[in-house]
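Residue-level listing of the chains:
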Amino acid sequence: MDQAQQRYHHGDLRSALLHAATKRIDEHGVDSLSLRKLAEDVGVSRSAPYHHFADKNGLLSAIAAEGFRQWHHTARTIFEQQTLAPSARFRQFIHEYVGYAADHPQLYELMFGRILWQAQSATDDLKAVAYPCFQFQVEMTRYWQESGLLPAGPEPLRLAQVTWGTLHGIARLLIDGIYADRSHIEQMCDTAAQLFMQASANHE
């Protein structure tokens, strides 16, 4: 074992590999990533990453899973701010979601894009993190319906899909640079929140 590899305990090396892989994706995109290049970035043997990730797909799934953990923590922190009114938390959630996508476009694409999901190559570990993250979106939607912020009629699941789809669309416009850029984020998020809450008011 070389000196660089000796610096890491088993769990530390996995964390270091994920951190380096995420950094490479942020700076150069998913196509730039390989287990061989990752080993060079971290300074370990070429075989070392394979002790933690079976292949590139396993590595990408692990990176996406970490992104979902981070976002789920952020969403829960916003939702549990009891000192804020439900409407304030709703607006903050929208701003944070779109802001997260704008700040981490490559990671966002990996989390929600076709690389893993359309090819049905997401690992079970990734699904175990991603699915509860969306389920929490459904729970928040149900609460906002009960609080009178969102229309009470639709099923929470369907309304959660529609609200998330709207935010995802805004995020994609920003990431792809189509009719939108970073200077539009605040206005677009406020408009989205106003539209959803106005729909609830018109439903009464």
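Small disclaimer: the values here were computed from a predicted structure and weren't measured.

Rules used in this analysis
Residues numbered from 1 in each chain as written. Predicted model: local features only at pLDDT ≥ 70, side-chain atom pairs only at ≥ 80, totals over all residues. Heavy atoms only, no water. Helix = DSSP H or I, 4+ residues; strand = E, 2+ residues; numbered from the N terminus. Buried < 20%, exposed > 50% of the residue type's maximum accessible area, 1.4 Å probe, protein only. Contact = heavy atoms within 4.5 Å. Areas by Shrake-Rupley, 256 points an atom, 1.4 Å probe, with all protein chains shown as cover. Lys, Arg positive; Asp, Glu negative; His and termini not counted. Charge placed at Lys NZ, Arg CZ, Asp CG, Glu CD. Domains from an automatic or database assignment. Buried area = accessible area lost by both parts, 1.4 Å probe. Salt bridge = Lys/Arg side-chain N within 4 Å of Asp/Glu carboxyl O. Polar contact = N/O pair within 3.5 Å; in protein donor to acceptor, adjacent residues only side chain to side chain. Nonpolar A, V, L, I, M, F, W, Y, C, P; charged D, E, K, R; others polar. Core = buried A, V, L, I, M, F, W, Y, C linked by side-chain atoms within 4.5 Å. Axes fitted to C-alpha atoms, helices over the stretch in contact; angles between N-to-C directions. Parallel < 35°, antiparallel > 145°, perpendicular 65-115°, else oblique. UniProt positions renumbered as here; feature names shortened; annotations may be inferred. Phe/Tyr/Trp six-rings, centres within 6.5 Å; stacked < 30°, edge-to-face > 60°. Expected span 1.5 Å × (residues − 1). Arc of directions from axis to C-beta.

For the rest of this paragraph, the subject is the overall build of the protein. The helix and strand inventory of the protein stands at nine helices and zero strands. Traced from its N-terminal end to its C-terminal end, the protein shows the element sequence α-α-α-α-α-α-α-α-α. Burial statistics for the protein: of 204 residues in total, 43% are counted as buried. In the protein, the proportion of contacts linking residues at least 24 apart, taken out of those at least 6 apart, comes to 68%. Total accessible area computed for the protein in this model is approximately 11,200 Å², and 50% of it derives from carbon and sulfur atoms. Averaging the coordinates of the 18 positive side-chain charges in the protein and doing the same for the 23 negative ones gives two points 5 Å apart.

To continue, consider the domain arrangement of the protein. Split by domain assignment, the protein resolves into domain 1 (1-52) and domain 2 (56-201). The C-alpha-based centres of domain 1 and domain 2 are spaced at 29 Å. Residue-level contacts link twelve residues of domain 1 with ten residues of domain 2. Together, the buried faces of domain 1 and domain 2 total about 980 Å²; carbon and sulfur atoms form 75% of this surface. Where domain 1 touches domain 2, the interface holds zero salt bridges. Put simply, domain 1 and domain 2 have two residue pairs in polar contact (both at pLDDT 80 or more) between them. Counting residues per element, the ones that place at least two in the side of domain 1 that touches domain 2 are α2 (10-28) and α3 (35-42). In terms of residues, the side of domain 1 that touches domain 2 owes the most to one element, α2, which gives six residues. Of the residues contributing to the side of domain 1 that touches domain 2, the split by class is seven nonpolar, two polar and three charged.

Next up on the list: the nonpolar core. Buried together is how nonpolar side chains tend to be arranged in soluble globular proteins. Counting residues in hydrophobic clusters, the biggest one holds 62 residues, and the most contacted among them are Leu-59, Ile-63, Phe-90 and Phe-93. Secondary structure elements with two or more residues in this core: α2, α3, α4 (56-79), α5 (86-103), α6 (105-112), α7 (124-146), α8 (156-176) and α9 (185-203). Among the elements that make up this core, the one with the highest residue count is α4 (eleven residues). Structurally, this core is a two-domain feature, drawing no fewer than three residues from each of domain 1 (1-52) and domain 2 (56-201).

Packed helices, taken two at a time, are described by the angle their axes make and the gap between the axes. Where α7 contacts α8, the axes come no closer than 8 Å and their chain directions differ by 105 degrees. One element, α7, and the other, α8, form an angle in the roughly perpendicular class. Here Phe-134, Gln-137, Val-138, Thr-141, Arg-142 and Gln-145 of α7 come into contact with α8, specifically with Pro-156, Leu-157, Leu-159, Ala-160, Gln-161, Thr-163 and Trp-164. Residues of the contact of α7 with α8, tallied by class, amount to seven nonpolar, five polar and one charged.

What follows concerns the UniProt feature "DNA-binding region" (unreviewed entry) in the protein. The UniProt feature table records "DNA-binding region" (unreviewed entry) at residues 34-53. Taken end to end, residues 34-53 has its terminal C-alpha atoms 11 Å apart, with 40% of it in helix and 0% in strand.

A separate point is the packing of aromatic side chains. A complete count under the given rule lists 15 aromatic pairs for this structure. Arranged with centres 6.2 Å apart and planes meeting at 85 degrees, the rings of Phe-79 and Trp-144 form a pair that is edge-to-face. Here Phe-79, found in helix α4, pairs with Trp-144, found in helix α7; they are 65 residues apart in sequence, far enough to count as distant. For Phe-79, a relative accessible area of 16% corresponds to the buried category. Classification of Trp-144 by relative accessible area gives buried; the value is 2%.

Turning our attention to unusual backbone geometry. The phi dihedral of Gln-120 is positive, around 55 degrees, even though this residue is not glycine. By secondary structure assignment, the location of Gln-120 is in the loop between α6 and α7.

Between its first and last C-alpha atoms α4 spans 34 Å; for 24 residues at 1.5 Å apiece the expected length is 34 Å, and the two agree. Among the residues of α4, the N-terminal cap falls to Asp-55, whose side-chain oxygen and the backbone nitrogen of Asn-57 are separated by 3.2 Å.

What follows is about α3. Those residues of α3 that fall on the buried side of the exposure criterion are Leu-35, Leu-38, Ala-39 and Val-42. All buried residues of α3 lie within an arc of 100 degrees about the axis, which places them on one face of the element. Positive phi shows up at Gly-43, right after α3, with a value of about 85 degrees.

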